[in-house]
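Observations on chain architecture
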Amino acid sequence: MKLIFRLIKNTLKWIVAAFFASTILSVVALRFIPVYVTPLMFIRSYQQLTGDDEFKWCHTWVPLKKMSPSLPVAVIASEDAKFLSHHGFDYQAIEHAAKRNREHPEKRKLGASTISQQTAKNVFLWPGRSWVRKGFEVYFTTLIEMMWSKERIMEVYLNSIEMGNGIYGAQAVAEEHFDTDASELSRAQCALIAATLPNPRKFSSKHPSAYMLKRQARILREMRYVPKFPTNE
């Protein structure tokens with residue numbers, strides 16, 4: 001019996017060691033290597049193939065310096081105003097969301113994910129709200145904040161985030177919705193893209209509703225208070 005317990009103990013040690021080694025090496029590697037595919041891309045493709053939606057996968061990696069400088073400013077204004085100053089987590093926003101969700105459980109759950117957290121989720125994990133997935137998200141967010149620059153986090157975020165049905169990243173949405181390159185997106189177009197990010201499969205930057213145009217106007221106003229984002233040029 002002792003031999004069995006020792007074997008189980010040693011096996012668990014190897015599994016834990018392998019997990020930490022592989023995840024740390026992955027984060028280090030992706031500091032330099034473009035992220036061409038993500039788990040969400042495969043999940044959406046499977047959903048399209050097994051559902052009624054037309055199969056679509058549009059994604060082209062482009063460096064941050066080849067995107068419009070207004071795009072990172074727009075997503076910071078829309079998604080994460082403290083991105084440049086926090087270390088992966090906006091504790092004030094988390095506290096506010098927890099309080100609001102606790103006091104108003106009948107309303108749609110309010111999130112408080114930062115751009116860093118969304119990047120960790122998009123690149124390394126799967127969609128969901130379980131505590132297990134959230135725990136992995138905290139782990140990977142901490143790793144990328146330690147090992148990547150803010151510029152790299154933003155670059156990966158803007159290349160991997162879903163921006164429409166089967167559309168992933170800045171270059172794909174620029175081509176599909178605005179018939180241009182990511183580098184040529186106007187300030188207004190960047191604000192409109194950012195306005196869709198809470199739910200890009202519901203809200204369209206190609207055919208914006210009145211609600212989207214209102215969000216776009218608000219983001220354009222708030223962009224004036226966001227400093228120009230560095231692009232490593």
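The present account deals with the structure reproduced in this document.

So, how was this worked out
Residues numbered from 1 in each chain as written. Predicted model: local features only at pLDDT ≥ 70, side-chain atom pairs only at ≥ 80, totals over all residues. Heavy atoms only, no water. Salt bridge = Lys/Arg side-chain N within 4 Å of Asp/Glu carboxyl O. Buried < 20%, exposed > 50% of the residue type's maximum accessible area, 1.4 Å probe, protein only. Helix = DSSP H or I, 4+ residues; strand = E, 2+ residues; numbered from the N terminus. Axes fitted to C-alpha atoms, helices over the stretch in contact; angles between N-to-C directions. Parallel < 35°, antiparallel > 145°, perpendicular 65-115°, else oblique. Left-handed = near helix turned anticlockwise from the far one by under 90°. Contact = heavy atoms within 4.5 Å. Nonpolar A, V, L, I, M, F, W, Y, C, P; charged D, E, K, R; others polar.

On to the pattern of salt bridges. One pass over the structure, following the stated rule, counts nine salt bridges. Measuring nitrogen to oxygen at the nearest pair gives 2.9 Å for the salt bridge that ties Lys150 to Glu145. Neither residue differs from the other here; Lys150 and Glu145 are each classed as buried. The shortest N-O distance in the salt bridge between Glu162 and Arg201 comes to 3.9 Å. Taken as a pair, Glu162 in strand β2 (residues 162-164) and Arg201 in the loop between α9 (187-196) and α10 (210-223) lie far apart in primary sequence, 39 residues in all.

We now examine the packing of helix α5 (residues 115-124) against helix α7 (residues 150-160). Two elements in contact, α5 and α7, have axes separated by 9 Å at closest approach and are oriented at 55°. Classified by the interaxial angle, the pair formed by α5 and α7 is oblique. In the crossing of α5 with α7, the sense of the turn from one axis to the other is left-handed. Between α5 and α7, the contacting residues are Ile115, Ser116, Gln118, Thr119, Asn122 and Val123 on the first element and Lys150, Ile153, Met154, Val156, Tyr157 and Ser160 on the second. Taken together, the residues of the contact of α5 with α7 break down into six nonpolar, five polar and one charged.

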